[in-house]
Amino acid sequence: MDKFVIEGGVPLHGTIATNGSKNSALPALAAALLTDEQVVLERIPRVRDIRTMERLLVDIGSDITLDEGDSERVVLNTKTIVSPEAPYELVKTMRASSLVLGPLVARAGRARVSLPGGCAIGARPINFHLAGLEHLGARIAQEHGYIEAVAPDGLKGAHVVFDRITVTGTEDILMAAVLADGESVLENAAREPEVVDLAHLLRKMGARIEGEGTSVIRVQGVSKLYGATHEIIADRIEAGTFVIAAAITGGELCITGCVPEHLGALTAKLAEAGVTVTQVDGTTVRVEGANGALQPVDMTTEEYPGFATDLQAQYMALMTQADGISIVTETIFENRFMHAQELMRMGANIRLDGRRAIIAGRSRLTGAGVIASDLRASASLVLAALVAKGETVIDRVYHIDRGYEKIEAKLSSAGAKIRRVE
């Protein structure tokens, strides 16, 4: 397994570009199953989770071509659904594989998708997807670890109320509803930018959708979708990670190619902490480390437009360098503090109390051998290592490769002393 070796203590300076959003690209790839025409997706990040989804789509029947002149441009053609199945071997490595459930039932009338089970940061139940499909008329059965969903006579429009806000659940049912007969109303829908981006793609393909970005989405089903070309939005989690990298090292970075308004909850907290984040233009922010001591600021994760759970670990690393006590509360996942133990190995003073982490700063972090437990936890360890004294070795960095493309090269370009060891 690859490792990162990082020598801390260097403030970051320069410019780092943001890639397209992994969490937006995954449902967009799944949406290509809804039509037998060509779908072209641009700004697709070349990260591990994307390659896993592409493997799944090829198994299902898609022909996928990467543009030789632009590796972020993916051309998909799914003339026929050969095998409407997502096997355990792929779902276990990338839970978003379940996003093919809705498109397969909508287009092929059936789907067989492995149950995802638990994962390092807690359970992500698929029951919201299943309940929504049942409302749309699908028959659901479970056996041998797989979900079987069938709708031989097609899906019917329905009123779907999600018991809890769910991003992938909203995306999955939205993709199913666009080919359902009649009107569907999705209530308590997720408002994340990734959901909005998916709706924009579907509309280009001929879907009739209103209300994306609000808690109520209305869909008038159509009989057929068509080909389209679509550029994926910027990755707000990657951008936010680099924003925090500038803050924790006390440096100055320009983050380009991002959507500043998608970072609002993070930049508001950083302003309270004394970090200056300035919007330079419509796609660029400039971050300057705190002028003086970094201030402790409590944070609670929430659905968008609240503070993203995918930035919680990185924010915790930042708060280890604040001058005082801060409390981080995780409301989305029940087991998302696994990085705390590794940060403590580096010298952080953190006490866990259920879904709360109490961080006492400022901690003098020192380099150590640490292990990444999940995608965002690994990013927090990289950030802590950038400010730690001495050398840190991070094991299992395949986790970070799931969602960050060449993060070591990007950080190196801004002065970080980081290298990958194979």
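Before reading on, note that the structure itself is shown above.
Overview of the structure. As the structure is a computational prediction, the values presented were derived from the model and not from experiment. (Residues numbered from 1 in each chain as written. Predicted model: local features only at pLDDT ≥ 70, side-chain atom pairs only at ≥ 80, totals over all residues. Heavy atoms only, no water.)

### Thoughts on the overall build of the protein
Quick note on the threshold: For helices the rule is a DSSP run of H or I covering at least 4 residues; for strands it is a run of E covering at least 2, with both sets numbered from the N terminus onward. Residue burial is assigned from relative accessible area. The probe radius is 1.4 Å, only protein chains are included, and a residue is buried under 20% of its type maximum, exposed over 50%, and partly exposed in between. Note on contacts: a residue pair qualifies if any of its non-hydrogen atoms lie within 4.5 Å across the two residues. Areas reported as accessible are Shrake-Rupley estimates using a 1.4 Å probe. Residue values count occlusion only from the protein chains shown. For this count, His and the chain ends are skipped, Lys and Arg are scored as positive, and Asp and Glu as negative. By convention, the point assigned to a charge is CZ for Arg, NZ for Lys, CD for Glu and CG for Asp.
Across its full length, the protein holds 14 helices and 24 strands. Overall, the C-alpha framework of the protein stretches about 65 × 45 × 40 Å when taken along its three principal axes. By the burial criterion, 56% of the 422 residues in the protein qualify as buried. Across the protein, contacts joining residues at least 24 apart in sequence account for 73% of those joining residues at least 6 apart. Split by element, the accessible area of the protein, about 16,000 Å² in all, is 46% carbon and sulfur. Taking the average location of the 43 positive side-chain charges in the protein and that of its 54 negative ones, the two points are 4 Å from each other.

### A word on the sheet that holds strand β10 (residues 159-161)
So the rule is basically this: Strand pairing is assigned whenever DSSP identifies at least 2 bridges connecting the two strands. Lines fitted to C-alpha atoms define the axes, with helix axes restricted to the stretch in contact, and inter-axis angles between N-to-C directions lie between 0 and 180 degrees.
Across the sheet, which stays open at both edges, the four strands sit in the order β10-β11-β13-β12 with mixed pairing between neighbours. The open sheet is flanked by β10 and β12 (208-210), the only strands paired with a single partner. Sheet twist, expressed as the mean angle between neighbouring strand axes with direction ignored, is 15 degrees. As paired elements, β12 and strand β13 (residues 216-220) share three bridges and run antiparallel to each other. Residue pairing for β13: R208 is matched across the bridge by Q220.

### A look at the packing of aromatic side chains
Note the following rule: Stacked, tilted and edge-to-face pairs are distinguished by plane angle, under 30 degrees for stacked and over 60 for edge-to-face with tilted covering the rest, among Phe, Tyr and Trp rings (Trp via its six-membered ring) whose centres lie within 6.5 Å. For a ring to carry a charge above it, either NZ of a lysine or CZ of an arginine must fall within 6 Å of the ring centroid while also lying within 35 degrees of the normal to the ring plane.
As enumerated under the stated definition, the model contains one aromatic pair in all. Ring centres 5.3 Å apart and planes at 65 degrees place the aromatic pair F307 and Y315 in the edge-to-face group. We note that F307, like Y315, is buried. When the ring centre of Y146 is taken as origin, the NZ or CZ atom of R112, which lies over that ring, is 3.8 Å away.

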